[in-house]
Amino acid sequence: MEKPHMLDSEIAAFLTLCRKKAHTGNPIAIVEWGSGYSTKYFTHQLEKEGIPYTWTSVEHDPDWANNVRKMIAGNPHITLLEVPLGDAYVHAPQGSFDIALVDGRMRVACVAYAKTIAETVLLHDAQRKSYPVTGTYIAPRLKVVGPTQPLSYIHPLLWKLRIFIWKNTKYRLMHLFR
């Protein structure tokens, strides 16, 4: 199965958070902006571990949404919302959620809205300077934003070292083809 375009540590951090939320006994409600391999992979992992869930995914690209529909066909726990970019895209998910994963377009606006509907908000690729949000990294490019407790802490110097390695070695090429 194709993994999401995330580092293994980011995948592990997300699944750890899901496991922690699952102890309530109720299905965990997850929303993500930016559907794809994460939608298929994470829901498969949750099912494999017997964690009940509902998953809402927001996608703006009609062609990609059709691909995702094929990937998730037959899964009654996933709702795919195909919405054009703009305010409707940001505000498409309604209700309350345990976890919001922001990994699509318009991330700053999505994070701001996610804080109003989700208990825990995760921003992927949070190291980008165009995302001026505060929070705590739980993996190299995955940040918890808002008033939640971090799962772990990555020292800023370790983060800078990882960026240096990414930019200056063959690691970047190896990562792209894993």
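Residues numbered from 1 in each chain as written. Predicted model: local features only at pLDDT ≥ 70, side-chain atom pairs only at ≥ 80, totals over all residues. Heavy atoms only, no water.

Some points on the pairing of strand S1 (residues 28-33)
Here's step 1: Burial within S1 is extensive, with 6 of its 6 residues counted as buried.
Here's step 2: The side-chain alternation of S1 yields two buried faces, one formed by Ile 28, Ile 30 and Glu 32 and the other by Ala 29, Val 31 and Trp 33.
Here's step 3: Relative to strand S2 (residues 53-59), S1 runs parallel, the two sharing 6 bridges. Its bridge partner being in S2, Ala 29 is matched across the sheet by Thr 54.
Here's step 4: Assessed by its sense of winding, the connection that carries the chain from S1 through helix H2 (residues 37-48) to S2 is right-handed.
Here's step 5: Across 4 bridges, S1 lies against strand S4 (residues 97-102) in parallel orientation. Bridging across to S4, Ile 30 finds its partner in Ile 99. (Buried < 20%, exposed > 50% of the residue type's maximum accessible area, 1.4 Å probe, protein only. Helix = DSSP H or I, 4+ residues; strand = E, 2+ residues; numbered from the N terminus. Pairing = 2+ DSSP bridges. Right-handed = clockwise from strand over helix to strand, strands pointing away.)

Quick look at helix H3 (residues 62-72)
Here's step 1: Among the residues of H3, Ala 65, Val 68, Met 71 and Ile 72 are the ones counted as buried. Taken around the axis of H3, the buried residues stretch over an arc of 110°, which confines them to a single face. In this structure, H3 carries Asp 63 and Lys 70 as exposed residues pointing more than 90 degrees from its buried face.
Here's step 2: For H3, the elements touching its buried residues are H2, S2 and strand S3 (78-82).
Here's step 3: In this structure Asp 61 caps H3, since a side-chain oxygen of it lies 2.9 Å from the backbone nitrogen of Asp 63.
Here's step 4: After H3 finishes, the residue Gly 74 shows a positive phi value of roughly 85°. (Arc of directions from axis to C-beta. Contact = heavy atoms within 4.5 Å. Polar contact = N/O pair within 3.5 Å; in protein donor to acceptor, adjacent residues only side chain to side chain.)

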